[in-house]
Amino acid sequence: MSPLSGPDNNNAAIRFDIKEVGRVKTVREFIVLAENMPSCINGQIVAFDGGLRGIVMGFTEQDVQILILGPKAHIKAGDKVYSKAQSLYLPVGNAFVGRIVNALCEPVDGKGPIAADEEYLVFRDAPGIMDRSTVERTLESGTRIIDTIMPLALGQRQLLVGDRQTGKTTVTTDAIINQKGNNVICIYCSIGKPYSTLVKTISLFEEKGVFDYSLIVSGVASTSVGEQYLAPYTAAMLGEYFMLNGKDVLVVFDDLTRHAWIYRQISLLLNRAPGREAYPGDIFYLHSQLMERAAQMNPELGGGAMTFLPIVETLQGDVTGYIPTNLVSMTDGQIYFSTALFNKGIRPAIDVGLSVSRIGNRAQWSSMKGPSRSLRLEYLQYKELLQMTQLRTTELSKEAQKKLRRGEAITELLIQDKNNPVPMEQQVIDMYALNREVLDELPREEIRKFKNDFYRKIREWFPNLPQQLRDSKIIVDESIANLEEAIYFYFNQENKQ
Ligand code: ATP
Ligand code: MG
């Protein structure tokens, strides 16, 4: 195949304006050193015989350092390198929804070519301050503890940080499942994770009908280093297409620790000086230029929003590692997952004390703001009290006992099974009941039962109530009357049958 038609890419052929033809000098793993390319610039795209592409990553005195984007296969010394006087553009379009693509936007799901609407710059600059407006619309994550205590907003960046196997991915896939019918396009980007993990996510998405409004960018561990490096930028670029067309987008990066590892590997092969934890000096820039691309566009520009949920893995719960601290500083808050909680069966294993959202409750439904205002404090006080009671043997005061029981009720209410996001109207209803203190005296099993049954009963008794809560986002007097009646019936009549 001629390099002019681009790689085996069924999308719109990449137009190729050859400016220079160089020669491959050496190939070092996934890095090519090429010579005779004096006018190359950083970030520029090149092609090899056979159509494989590469991206210029740096220079030595004589040579150009090129990262191969794809399997390195047959590149050898002496091959020609065609330089293209432009940065990397890739196809975007509505037809990408429902598909699985690699970091070069090529379909990898065996469902045939994807018709592109346009080509976008992969390393696009983030929208400027004048193009943005404040984030104030709710992103419904469907995870109770998040929606009540650390609510998310469309257009924000919230980091998920925690050790291995603590339920980080599950919270993000739950958030994606919960966007069904919410008009949010979801992009799940897998970076450096085993293919088998992605397969599980794909079958979950298929089972839950998620592909109607979602797509996956796969930079799994078996893809080339170049693709893994590119994958999050490609995901952000695809998201930008929808955002700039006035839609709302949710992008999950799973995970950026692997992305940092990949970049470290690339940098070491490029002979760049290693810095802290052997990462190159520009690793901060690498992630911050990505994170900056999340935005809530202003209404004149369509008013679309792109929300980022990046995941970062820690070792032994150490959030002070280089990559986690970098990411904490460039996002609007973090959700911290704890192995200890996970092992205790408190799942999602989110540590309320260490998790924050700097957006606060600005974007929360009004009906949720009231009940959840004191929740964080009550929960933290309960944790503290719990620790104290473990040390002391003396009798507890009535008040302390009450606080403990309430804390237990809150804990139990916030425990949630995986793959079962809870609609916001249900959360509002359950929080109303919690605030009426009707759950405090119940044993655990009863609360568990309540979580499943109460909402079902409400829909049976007052079929319009959930929709009314969703539409108005406040609890009007009539709803209060309905809720009171429901609580009365549920606790006095139903349970006695
Ligand atoms: P990794 O570090 O391997 O990416 P992770 O932090 O993304 O892991 P998950 O893969 O989401 O964690 O979850 C780890 C395991 O815990 C999975 O087997 C998952 O099914 C289970 N799990 C996650 N959340 C819950 C939950 N709320 N209830 C029950 N099980 C859960
Ligand atoms: Mg995971």
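In what follows, the accompanying structure is described. Residue positions are counted from 1 within each chain, in the order its sequence is given. The naming scheme follows written order: chains are lettered A onward, ligands numbered 1 onward. Per-residue local features are limited, in this predicted model, to residues with pLDDT of at least 70; the limit for side-chain atom pairs, both in listing and counting, is 80 or more; totals at the level of whole chains, interfaces and linings are taken over all residues. As a rule here, side-chain values come from all non-hydrogen atoms in the structure, and water together with hydrogens is ignored.

**Quick word on unusual backbone geometry**
Now for step 1: In the segment running from D254 into D255, the intervening peptide bond is cis, with an omega of -10°.
Now for step 2: Helix numbering and strand numbering both begin at the N terminus, where a helix is a DSSP run of H or I of at least 4 residues and a strand a DSSP run of E of at least 2. Relative to the assigned elements, D255 resides in the loop between β15 (248-254) and α5 (256-269).
Now for step 3: A cis amide bond links R347 with the next residue in sequence, P348, at an omega value of -5°.
Now for step 4: Tracing the chain through its elements places P348 in the loop between α8 (339-344) and β19 (356-357).
Now for step 5: We note that E277 has phi near 50°; this positive angle belongs to a residue other than glycine.
Now for step 6: Positionally, E277 belongs in the loop between α5 and α6 (283-291).

**Here's the deal with the sheet that holds strand β1 (residues 18-28)**
Hydrogen bonds between backbone groups are what pair the strands of a sheet, and the pairing can be parallel or antiparallel.
Now for step 1: Any two strands are treated as partners once DSSP identifies two or more bridges connecting them. One closed barrel holds the six strands; their spatial order is β1-β2-β5-β4-β3-β6, and the pairing between them is antiparallel. Here the strands of the sheet are splayed against their neighbours by 45° on average, with no regard to which way each runs. Fitting a line to C-alpha atoms yields each axis, with helices limited to the stretch in contact; the angle taken between N-to-C directions then spans 0 to 180 degrees.

**Some details on empty space enclosed by the protein**
Now for step 1: Residues are called lining when one of their atoms sits within 4 Å of a cavity or pocket point, these points coming from a 1 Å grid over the protein atoms alone, where a cavity is a set in which a 1.4 Å probe fits but cannot get out and a pocket is an open set with protein on both sides within 12 Å along at least five of seven lines. Grid points are joined across faces, edges and corners, and a volume is the space filled by probe spheres set on the points. The full count for this structure, using the stated rule, is one cavity of 30 Å³ or more.
Now for step 2: The space that makes up the largest cavity amounts to roughly 30 Å³.
Now for step 3: As for the largest cavity, its lining consists of S141, I146, L152, L160, V171, A175, L309 and I335.
Now for step 4: Tallied by class, the residues present in the lining of the largest cavity amount to seven nonpolar, one polar and no charged. Polar here means any residue other than Ala, Val, Leu, Ile, Met, Phe, Trp, Tyr, Cys and Pro, which are nonpolar, and Asp, Glu, Lys and Arg, which are charged; Gly is therefore polar.

**Description of the layout of surface pockets**
Now for step 1: What the largest pocket holds in volume is close to 960 Å³.
Now for step 2: Along the walls of the largest pocket sit 31 residues, with Q165, G167, K168, T169 and T170 positioned nearest its centre.
Now for step 3: Elements represented by at least two residues in the lining of the largest pocket include exactly α2 (168-177) and α3 (195-207).
Now for step 4: Ranked by residues supplied to the lining of the largest pocket, first place goes to α2 with six residues.
Now for step 5: Classifying every residue of the lining of the largest pocket gives eight nonpolar, 12 polar and 11 charged.
Now for step 6: Of the pockets and cavities examined, the second largest pocket occupies roughly 430 Å³.
Now for step 7: Forming the boundary of the second largest pocket are 21 residues, of which G43, F123, Y229, Y285 and Q289 lie nearest the centre.
Now for step 8: Of all the secondary-structure elements, those providing two or more residues to the lining of the second largest pocket are β4 (53-59), α4 (225-244) and α6.
Now for step 9: Considering only residue class, the lining of the second largest pocket consists of 12 nonpolar, four polar and five charged.

Structural measurements only, silent on function.
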